[in-house]
Amino acid sequence: MRSISWKLLFGFLAVSLVGTLLFFGIARQYSNKEIQNFLVNQDENRALAILEDFYMDNGTWDGITYPGPNWENKEIKPAPILILDVNGVVVASSPGFPQGTKVETFIIEGAIPIKVNGVVVGYLSDPNEGRQDFFREHPVLDRIDELLIISASGAVLLGLVMALVLSRTFSKPLKQLSIAAQRAATGDLSHKVEVSSKDEIGTLAESFNQMMEDLEKLISSRRQMTADIAHELRTPISVILGYTEGVHEGVIKPDRETFDIVHEEALRLERLVKDLRLLSKADVGELPLELQLVEIERILEEVKETASAGMEEKNLAFEVIVSPNLPKLMIDPYRIVQVLRNLIENAIRYSPTEGKITVTAENIEAQRVRFSVLDSGPGVSDKDLDRIFNRFYRVEPSRKRDQEGSGLGLAIARSIVEQHGGKMWAERVEGNGLLINFDLPVYDGEEE
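The structure reproduced in this document is the subject of the present report. (Residues numbered from 1 in each chain as written. Predicted model: local features only at pLDDT ≥ 70, side-chain atom pairs only at ≥ 80, totals over all residues. Heavy atoms only, no water.)

### Description of the nonpolar core
- Of all hydrophobic cores here, the largest spans 51 residues; its most connected members are Leu340, Leu343, Phe371, Met424 and Phe438.
- In terms of residue count, helix H9 (residues 333-350) provides more of this core than any other element does, eight residues in total.
- If near-sequence neighbours (up to four positions away) are discounted, phenylalanine 371 is found in contact with Ile296, Leu300, Leu329, Leu340, Thr360, Ala361, Ile436, Asn437, Phe438 and Leu440.
- Ranked by size, the runner-up nonpolar core spans 15 residues in total, among them Tyr66, Ile81, Ala92 and Ile114. (Core = buried A, V, L, I, M, F, W, Y, C linked by side-chain atoms within 4.5 Å. Buried < 20%, exposed > 50% of the residue type's maximum accessible area, 1.4 Å probe, protein only. Helix = DSSP H or I, 4+ residues; strand = E, 2+ residues; numbered from the N terminus. Contact = heavy atoms within 4.5 Å.)

### So, the pairing of strand S1 (residues 82-85)
- Residues Leu82 and Leu84 of S1 are buried on one face, and the alternating residues Ile83 and Asp85, pointing to the opposite face, are buried as well.
- Where S1 and strand S2 (residues 90-93) come together, three bridges link them in antiparallel fashion. Bridge assignment links leucine 84 to a residue of S2, and that residue is valine 90.
- Between S1 and the antiparallel strand that follows it, S2, lie four residues; glycine 88 among them carries a positive phi value of about 90°. (Pairing = 2+ DSSP bridges.)

### Comments concerning a nonpolar patch on the surface
- The grouping of Leu157, Leu160, Val161, Leu164 and Val165 at the surface amounts to a nonpolar patch, some 420 Å² of accessible area in total.
- Relative to the helices and strands, leucine 157 resides in helix H5 (residues 139-185).
- Given the relative accessible area of 55%, leucine 157 is considered exposed. (Patch = residues over 30% accessible without salt bridge, like charges linked within 9 Å, V, L, I, M, F, W, Y side chains within 5 Å. Areas by Shrake-Rupley, 256 points an atom, 1.4 Å probe, with all protein chains shown as cover. Salt bridge = Lys/Arg side-chain N within 4 Å of Asp/Glu carboxyl O.)

### Comments concerning the packing of aromatic side chains
- Per the stated rule, a full pass over the model turns up three aromatic pairs.
- On the basis of an interplanar angle of 50° and a centroid distance of 5.0 Å, the ring pair of tyrosine 55 and tryptophan 61 is categorised as tilted.
- On the basis of an interplanar angle of 10° and a centroid distance of 4.9 Å, the ring pair of phenylalanine 371 and phenylalanine 438 is categorised as stacked. Taken together, the residues phenylalanine 371 in strand S9 (residues 368-374) and phenylalanine 438 in strand S11 (residues 434-441) connect sequence positions 67 residues apart.
- Three or more aromatic residues joined by ring pairs form one cluster here, namely Phe54, Tyr55 and Trp61.
- In this structure, arginine 414 is placed above the aromatic ring of phenylalanine 389, and the distance from its NZ or CZ to the ring centre is 4.2 Å.
- It is lysine 423 that lies over the ring of tryptophan 425; its NZ or CZ is 5.4 Å from the centre. (Phe/Tyr/Trp six-rings, centres within 6.5 Å; stacked < 30°, edge-to-face > 60°. Lys NZ or Arg CZ within 6 Å of the ring centre and 35° of its normal.)

The structure is reproduced here in structure tokens:
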């Protein structure tokens, strides 16, 4: 199978060759016709001048011949013509036309008048357009044909060079893309395609490189997530196995305290599995949403009631700020409450004793409502602001998660918000604390 470079080469060369042949044919036809007309007109003008001089000198057509001595000094080529007197009688002609014959009227009407002092004294006629054929073999036409052939050959050669350059220009990045795709199929995602142009091929190369980069990050993230899941599962499983083996071997007493520890680790393991299942559904857009037109105040009131119990141990202050006249949202209230609870639980976990947590809801531009959760914890660095939403991501020791969290709460919260058409991000605040925001679009329809 021929490569694309050969196909492009033959294609460009065929277009160049066909275009050149068409140009050569049209140019040759047109130029030959125009030059023949020029030579005929030039010959007629010279013949008229000779005939007028002859009649002025002799006052009659007696003695006129064609061709004859009269024409030699005037460099007139003997082309097939008729010389007629004023009555249309042939007085001289090229071979094959009898003299003394009166021609038809239509020949006289198509002839060129010969005038002396403004009076018509005869006619110059070309009865069968033989003069066009006579000048078809003129040396000037041969020279023009030679020049056209040279020009056409040069155009074809130039077309061949251009075809080679263009086929190489188009095929080179495509070959690089093919090589990169083949290497990617074998698992090598590090190979990048050189971007050497700003056209569609260059855009394709940039898109391919970006796709490989994103795919490499995704695979790396998957590998990291697998390692993190294995790490998170190892602790509760090790505890459960350790206590059960200890009970089996009689090293640990099978009392209530032992069973409480095993039960707590089993519950932790169950929470982790549930969170992973929920996150996997949210990532692929399969998390079922029961959308309802809901008032924001109702959502925040439910969150406030359930959050109070978790704050008593640290004696945290809890404040909810709601802007007036907030619009209703078309959301799944259960899932949005779940998002806010995850954010608040995260804030409780990292806030110091007697700290403060603030939840805010306000209307912003572009028909969106913004929810914010602010804690009074140690905060995070700039590089960790977006990474904290990654699965099992660990920040610096000051905000390390304790053993109660699965490390998936923020990832689940962001996936749920994005499935509602919103977005979630984190911001640093002056002093201590972390601010997590998420926007949801305002419902622009009518309540049914």
